[in-house]
Amino acid sequence: DVAHGGTLTVKAGGTLTVGRAVNNAGVMEGLAGPAIDHGPGALAVTNSGTLRGSGALAVDLGGGDDSLTLGTGSILVGDAEGGPGDDLLRLRGRGTQDGDAFLGFERLEVTGGDQALTGDLVLATLDGPGTARVTGGRLRVNGTLTAPGGVKVTVPGILGGTGEVVAMVDHMGTIAPGNSVGTIKVTGDVTFAPGSVLEIEADATGIDRLEVMGDVRIDPAAALDLTIAPGLPDLQGATIAEATGTIDAPFQRVNSAGVAGLVVVELVDGNKLALSVLTPSLVNVAAQGVVESGFAFQRAVVDEQRAPRTAPDSRLWARGIADFVERDGGGANPASRQDITGVAFGGDTPVLSDGLRLGLAGGYLTNDAEATDGSGASAEVDSLQGLAYGTYDFDLLGDGTQLFFGLQGGHQDQDTRRTLFAGDAPTTARGDTSGYLLGGYFGVGREIPIDANWAVRPAGQLSYLHQVQDGYRDSEGLAVDDLTLDTLRLGPRVELLGHYVDADGVVFRPRGTLGWTEQLSFDDRRVRVTLPTGAGGDLALEDGDEGYLTVGFGLDVIFRPGLRAYVGFDGAYGAAQTRSGAFAGISIDLP
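Thresholds applied
Residues numbered from 1 in each chain as written. Predicted model: local features only at pLDDT ≥ 70, side-chain atom pairs only at ≥ 80, totals over all residues. Heavy atoms only, no water. Helix = DSSP H or I, 4+ residues; strand = E, 2+ residues; numbered from the N terminus. Rg over C-alpha atoms; globule rule 2.2 N^0.38 Å. Contact = heavy atoms within 4.5 Å. Pairing = 2+ DSSP bridges. Patch = residues over 30% accessible without salt bridge, like charges linked within 9 Å, V, L, I, M, F, W, Y side chains within 5 Å. Areas by Shrake-Rupley, 256 points an atom, 1.4 Å probe, with all protein chains shown as cover. Salt bridge = Lys/Arg side-chain N within 4 Å of Asp/Glu carboxyl O. Buried < 20%, exposed > 50% of the residue type's maximum accessible area, 1.4 Å probe, protein only. Core = buried A, V, L, I, M, F, W, Y, C linked by side-chain atoms within 4.5 Å. Polar contact = N/O pair within 3.5 Å; in protein donor to acceptor, adjacent residues only side chain to side chain. pLDDT = per-residue confidence, 0-100. Phe/Tyr/Trp six-rings, centres within 6.5 Å; stacked < 30°, edge-to-face > 60°. Lys NZ or Arg CZ within 6 Å of the ring centre and 35° of its normal.

S.K.: Got a minute to help me understand the overall build of the chain in this structure?
M.R.: When helices and strands are tallied, the chain shows 1 helix and 49 strands. In terms of C-alpha radius of gyration, the chain reaches 37 Å, well past the compact-globule figure of 25 Å for 591 residues. Dimensions of the chain along its principal axes, counting C-alpha atoms only, are 120 × 55 × 35 Å. Taking all contacts inside the chain whose residues are at least 6 apart in sequence as the whole, residues at least 24 apart take part in 55%.

S.K.: How should the sheet that holds strand S46 (residues 536-540) be read in this particular structure?
M.R.: Across a sheet, paired strands are connected by hydrogen bonds in the backbone, their directions being either parallel or antiparallel. If you trace the 4 strands from one edge of the open sheet to the other, you get S40-S41-S45-S46, paired in antiparallel fashion. Strand pairing shows two members of the sheet lacking a second neighbour, strand S40 (472-473) and S46, which therefore form its edges. Note that S40 and strand S41 (residues 479-480) share 2 bridges and pair antiparallel. From the neighbouring strand, Tyr-472 faces S41, where its bridge partner is Val-480.

S.K.: What am I meant to see in a nonpolar patch on the surface here?
M.R.: Judged by side-chain polarity, Leu-462, Tyr-464, Leu-490, Leu-520 and Phe-522 come together as a nonpolar surface patch covering roughly 410 Å² of accessible area. Its location among the elements puts Leu-462 in strand S39 (residues 454-469). Residue Leu-462 is classed as partly exposed on the basis of its relative accessible area, which comes to 38%.

S.K.: Would you explain the nonpolar core in this entry?
M.R.: Side chains that are nonpolar tend, in soluble globular proteins, to be buried together. Of all hydrophobic cores here, the largest spans 66 residues; its most connected members are Leu-145 and Phe-192. Ranked by residues supplied to this core, first place goes to strand S28 (residues 234-243) with 5 residues. If near-sequence neighbours (up to four positions away) are discounted, Leu-145 is found in contact with Leu-108, Leu-117, Leu-121, Leu-123, Ala-132, Leu-139, Val-151, Glu-164, Val-165 and Val-166. Counting residues in each nonpolar core, the second largest holds 26 residues, with Leu-262, Ala-287, Val-291 and Ala-369 among its members.

S.K.: What is the right way to look at the side chain of Asp-474 in this model?
M.R.: By the element assignment, Asp-474 lies in the loop between S40 and S41. A residue is classified by how much of its surface remains accessible, and Asp-474, at 8% relative accessible area, is buried. Within the structure, Asp-474 has its side chain in polar contact with the side chain of Arg-418 (distance 2.7 Å). Every residue in contact with Asp-474, bar those within four places of it in the chain, is listed here: Arg-418, Ala-429, Arg-430 and Gly-431.

S.K.: I would appreciate a short explanation of the confidence of the model for the chain in the present structure.
M.R.: Do not read the predicted coordinates in detail wherever pLDDT is low. Per-residue pLDDT for the chain has a mean of 90; in total, 95% of the residues score no lower than 70. Confidence drops under pLDDT 50 across residues 10-15; counting only partners more than four residues distant or on other chains, this segment forms 9 contacts.

S.K.: Explain the environment of Pro-458 here, please?
M.R.: By secondary structure assignment, the location of Pro-458 is in strand S39. Along the chain, Pro-458 and Ala-575 lie 117 residues apart, while their C-alpha atoms are 25 Å from each other. Among residues more than four places away in sequence, those in contact with Pro-458 are Val-444, Gly-445, Arg-446, Ile-448, Arg-493 and Val-494.

S.K.: I tried to follow the packing of aromatic side chains on my own but got confused; where do I start?
M.R.: Two descriptors summarise a pair of aromatic rings, namely the distance from one centre to the other and the angle between the planes of the rings. Taken as a whole and judged by the stated rule, the model has 6 aromatic pairs. Where Tyr-566 meets Phe-583, the ring centres are 6.3 Å apart and the plane angle is 55°; that geometry is what we call tilted. Residue Tyr-566 is located in strand S48 (residues 563-574), and its partner Phe-583 is located in strand S49 (residues 577-590); the two are separated by 17 residues in the primary sequence. The burial state of Tyr-566 is the same as that of Phe-583; both residues are buried. The residue whose ring lies beneath Arg-319 is Phe-583, and the NZ or CZ to ring-centre distance is 4.5 Å.

S.K.: Explain the environment of Gly-410 to me, please; I cannot follow it from the model alone.
M.R.: Relative to the elements of secondary structure, Gly-410 occurs in strand S36 (residues 401-421). Separated by 48 residues in sequence, Gly-410 and Gly-362 place their C-alpha atoms 9.2 Å apart. Among all residues touching Gly-410, those that are not within four sequence positions of it are Leu-384, Gln-385, Gly-435, Tyr-436 and Leu-437.

S.K.: Can you help me understand the pairing of S46 in this one?
M.R.: A regular strand carries its side chains on alternate faces of the sheet. Bridge analysis of strand S45 (residues 526-530) against S46 gives 5 bridges, and the strand direction is antiparallel. Residue pairing in the sheet places Thr-530 in a bridge with Gly-536 of S46. Hairpin connection between S45 and S46: a loop of 5 residues separates the two successive antiparallel strands, and Gly-534 in this loop has a positive phi of roughly 100°.

Below you can see the structure in the form of structure tokens.
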């Protein structure tokens, strides 16, 4: 035994006689030949230090059934010759071994750790079986491993790397192509036994792949384990295994814990396994864009119809809208943002002397919605909307009580985009669809004076939207079924209203708002998608139930009776989303 830190040097003309085993954790050096030069008989060498020869060989095991075990920290300065007999190369611990440095070994065993194999290791069959076994740890074949007697992988062993295995592979453990993401090639048949695993990883650089020059047999109890990097675009038809012969069946068991979306594994043309992972990013972004556009228009009309009036006459009004919405995502749902801009306009008139006013409003909004999780999903929602609204002033709850209501309808067009991988460079898939919305709202509030300049106006409101998006098929053949959304928002708020007149008779009306909104969804929150091959399933939409605080402030300026201009801000802040909005507009009374 040579302990760690120790040195044993065999000088020219010197000899070292050992029994059946050599354990080296230090430095063994041969100045006139190999560090270990063994004759006939079995010898077991275990090395975690340095074996240095003065010529081409660092170790010559000589005749006999010998073994060379290399562990963490092992260094060979020179080649290792097995010689006659059935010789075993055993790897354990961590390290990188040059296959070209091992000559005349009939067997390879990997029993633990993480070992990388470079170069070309050819296992001999003259005195032994020419086999390799991975019974524990990981063997990364980054060069070529030739094992005429076959390779067997057993639990918990892992076979991976980016090189080539020239052998029949009898697999009961795990095959994990690549060192992170990469391709491993097998020249020979591969059999996935019950309990065996093919481990596939995908990230922004690509996806793992198993290439087989032969046939592949997959037992129904074998499993496919998937690891997909967060924010990765859709995978659609990406090849994860391909054979020059046949693949008898796809994997029946797929372990995709932590993978958001729909996972489909298909056998294509009898010799290829194709993986599709469709994330919910696109359908969620599109659904959120539809909902927020509808409610943005509704908010604009409600705010206008409840604005202070300068006279009981008919009036016309118009306002610009700009909302910025951010959603945090979570679970299977993507983080996203929306930029909503547009215009709303309308007019209303008194129809009865006892306080009823009715009006009509229209508007156009565009919403640029996109996932911010790196998936490349986005949707542009363009909507034309209309709304019939009314207010009714009465004194059931006291002077200043007002009932407000509206019925809404509209048409929406969507242009969708998603980024997908098919195993090569990213591709952008485009789609377009349209839909309609119906909705309405109902609320009641009362203005309560505080003094000559200030008043408070508590109110409650219930709003509803029913929206239908037609199904479509995008440019890469993915079909998305009809999507129906039913959303209810309700909650209280209180407004603080001011009233000031300057020396020129200009009226300033500042206002601030604080409230709470609960959102409830009544649909099944799922949509069916179908691949070009006909396979498919359901994608889950984000849970639409949430609550958030609403705040706002604004300033109305009445320059003369009948002419009003205003600006303001409103926002919503909750665990799932934040919304910041700005608006500006003008109204004109018509005598």
